[in-house]
Amino acid sequence: EKEKFAGGDYTTTVEAYISAAGRAIQGATSHHLGQNFSKMFDITFESPQTGEKEFVYQNSWGITTRTIGVLVMVHGDNNGLVLPPRVACLQVVIVPCGITNNLKDEDRNALYNECELYEKELKEAGVRVKADLRENYSPGWKYNHWELKGVPIRVEVGPRDMKNSQYVAVRRDNLEKLTMKKSGLKDDIPALLETIQTAMFAKAKNEMTERVKVVTKFEDFLDGLENKCLLQAPFCGVEACEDQIKELSKKDSDLEPGAPSMGAKSLCIPFTQPAQVVDNDKCIRPGCCNKPLFYTMFGRSY
């Protein structure tokens, strides 16, 4: 009830999980408002069955820019952003390398032309790509720059790569370097982007799945919180009981330096219950005499 939209009949939610902090964050919500607001504002329709005026049923839903922040927190690392290919504004950046003072002007120009050719071919394959041909920055500086921005793939091309008709692709998600043939560029890069997309989703999903635990004892509840888990536990649904759970779980709850102490709160009642509530089950709060109604997901949250 505490998480329900004020004045609505019920609310459904999608909860995201930030593994680095062990906290949940509400990703998107849908609120069924029933007829509560239509009665207040006199919003009616004519029933095709009876011909009489009836108050409309309404809902309210939204997914907001907070999802961008969640994406940054879920996938980012110490080098900066890590963007899933499907939402990245720039999917591939091409960086010429191996440029030294001894490199002849014609070889330098040939390398730049090669990078532009790569860019053209990838654009034709539907890839969002940019060739970084700025001469006032070193290749190392460019590597760091584009890693910070989270571009999924960095393509490195040098004079030796040109001779061997190859290039080096560096994945942003795991920094793996792959030497690939130029002849397969149009097929290999789009395929690698899909591989990265799948791997990033699987990693984030596994991090959450491994941290969702079912508990029936409060000591296990507290241990799970300290291990950055989301906990599904039998709960009576009484608001005062939840307030006490939050207070009892505040101890030693600093997950980040300087972060305020935070107890566990109810996040949602899962549609798919982990178990059936039976007669001898007890509410997760110590001393609660109310019969649990369902398993509720608890956790620390933003």
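Just so it is clear, the structure is predicted and the values come from calculations on it, not from any experiment.

### Focus on a nonpolar patch on the surface
Thought 1: A contiguous nonpolar surface patch, about 330 Å² in accessible area, is contributed by Met40, Phe41 and Ile43.
Thought 2: Structurally, phenylalanine 41 can be placed in helix α1 (residues 36-41).
Thought 3: A relative accessible area of 55% places phenylalanine 41 in the exposed class.

### Things to note about the side chain of glutamine 197
Thought 1: Along the chain, glutamine 197 turns up in helix α6 (residues 185-209).
Thought 2: In this structure glutamine 197 comes out as buried when scored by relative accessible area, which is 15%.
Thought 3: Ignoring sequence-local partners within four residues, the contact set of glutamine 197 consists of Pro84, Pro85 and Arg86.

### Some points on the sheet that holds strand β9 (residues 166-171)
Thought 1: If you trace the five strands from one edge of the open sheet to the other, you get β7-β6-β8-β9-β10, paired in mixed fashion. For this open sheet the edge positions go to β7 (129-131) and β10 (177-181), each flanked by a neighbour on one side alone. If you compare each strand with its neighbour and ignore which way they point, the axes differ by 25° on average.
Thought 2: Relative to β7, strand β6 (residues 92-96) is paired through three bridges, and the arrangement is parallel. The residue bridging isoleucine 94 from the neighbouring strand is alanine 131, located in β7.
Thought 3: Its contacts with the sheet place helix α3 (residues 105-124) against β6, β7, β8 (153-157) and β9, and it is angled at close to 170° to β6.
Thought 4: The sheet contacts of helix α4 (residues 139-148) involve β6, β7 and β8, and relative to β6 the element is tilted by about 170°.

About the thresholds
Counting from 1, residues in each chain are numbered in the order their sequence is written. Note on the predicted model: pLDDT of at least 70 is required for a residue's local features to be given, and 80 or more for side-chain atom pairs to be given and counted; whole-chain, interface and lining totals, by contrast, use all residues. Side-chain numbers come from the whole structure's heavy atoms, not from hydrogens or water. Patch membership requires over 30% relative accessible area and the absence of a salt bridge. Like charges are linked within 9 Å, and nonpolar side chains (Val, Leu, Ile, Met, Phe, Trp, Tyr) within 5 Å. In short, Shrake-Rupley with a 1.4 Å probe defines the accessible areas, and a residue's cover is counted only from the protein chains shown. Here, a salt bridge means any side-chain nitrogen of Lys or Arg that lies within 4 Å of a carboxyl oxygen of Asp or Glu. Only DSSP runs of H or I with at least four residues qualify as helices, and only runs of E with at least two residues qualify as strands; both kinds are numbered from the N terminus onward. Burial classification: accessible surface area is computed with a 1.4 Å probe over protein chains only, and a residue below 20% of its type maximum counts as buried, one above 50% as exposed, and the rest as partly exposed. Contacts were defined at the residue level, with two residues in contact if any of their heavy atoms lie within 4.5 Å. We treat two strands as partners when DSSP finds at least two bridges between them. Here the axes come from fitting lines to C-alpha atoms, over the contacting stretch only for helices, and the angles between their N-to-C directions go from 0 to 180 degrees.

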